[in-house]
Amino acid sequence: MNTFSLVFSNPKYILLGGIIFVGLLIPLLILSEYLFFEPYVVGHIPKDTELGFSLIVILSGLAALVLPMNVYRINFLRHSKKKLGGGVFGSIVGAAAGACGCGPVGFAIISTFGSIGSVASSFLITYEIPIRMAAICILVLSYFTTIRSLKVECKINSDN
């Protein structure tokens, strides 16, 4: 059984992944103005913003994949005699990478700081797509690190 099947064969981790996916996707879509609730629920993807929308969906999906796998790893190692290795740092980085996609939240927070906030906000607006791409790269790296950690530390054989 491969690592992906082993982790997500437990409904608890499927539910956790679903909650993470929806919990990231909906707020990011609202803050990026792809989803509106006034006067009724409307989704709108303006022309030439398809890439930003796609990156939000990918970012949410990867976070929903990586975080439950890391929770599984931590739970497995907590119940075994082994100690958690340096992979905990990778888990933290992977979890934090999901937050990198929250550019609009940063805009709202930074804009409260006057002229310095407007410069920072301008920077975030300009580099929103590269920041999301960097977050996706970090999550992909975290995915492969987690797979390797599960195979080594948890003795999961993916050849079967």
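Structure's up top.
Okay, so let's go over this structure.

Cut-off values and rules
Along each chain, the written sequence defines residue order, and numbers are assigned to residues from 1. Restriction of local features to residues with pLDDT of at least 70 applies here, the model being predicted, together with a cutoff of 80 or more for giving and counting side-chain atom pairs; totals for whole chains, interfaces and linings are based on all residues. Note that water and hydrogens are dropped before the side-chain values are worked out from all heavy atoms of the structure. Helical segments are the DSSP runs of H or I of at least four residues, strand segments are the runs of E of at least two, and each set is numbered from the N terminus. What a helix is expected to span follows from its residue count: subtract one and scale by 1.5 Å. Remark: exposure states derive from per-residue accessible area (1.4 Å probe, protein chains only) relative to the maximum for the residue type, with buried under 20%, exposed over 50%, and partly exposed in between. For this document, the term salt bridge refers to a Lys or Arg side-chain nitrogen within 4 Å of an Asp or Glu carboxyl oxygen. The way it works is a 1 Å grid over only the protein atoms, where trapped points that fit a 1.4 Å probe form a cavity and open points with protein on both sides within 12 Å along at least five of seven lines form a pocket, and then any residue with an atom within 4 Å of a point lines it. Grid points are joined across faces, edges and corners, and a volume is the space filled by probe spheres set on the points. Side-chain classes follow a simple rule in which Ala, Val, Leu, Ile, Met, Phe, Trp, Tyr, Cys and Pro form the nonpolar group, Asp, Glu, Lys and Arg form the charged group, and the remainder, Gly included, forms the polar group.

## Here we look at helix α7 (residues 128-153)
Here α7 is 26 residues long and its end C-alpha atoms lie 36 Å apart, about the 38 Å a rise of 1.5 Å per residue gives. Of the residues making up α7, those classed as buried are E128, R132, A135, I136, L139, S142, Y143, T146, I147, S149, L150 and E153.

## Here we look at the pattern of salt bridges
Side chains that differ in sign of charge can pair as their charged atoms come close. Per the stated rule, a full pass over the model turns up one salt bridge. A salt bridge links R132 to E128, with the nearest nitrogen and oxygen atoms 2.7 Å apart. Residue R132 and its partner E128 are located together in helix α7, separated by four residues, close to a single helical turn. Here the two residues R132 and E128 agree in accessibility, since each one is buried.

## Points about the layout of surface pockets
Considered as a void within the structure, the largest pocket measures approximately 170 Å³ in volume. Along the walls of the largest pocket sit S32, E33, Y34, P46, D48, T49, L51, G52, E128, I129 and R132, which together make up its complete lining. For the lining of the largest pocket, the elements supplying multiple residues, two or more each, are α3 (50-78) and α7. Ranked by residues supplied to the lining of the largest pocket, first place goes to α7 with three residues. Its residues placed into classes, the lining of the largest pocket shows four nonpolar, three polar and four charged.

None of this, on its own, says anything about what the molecule does.
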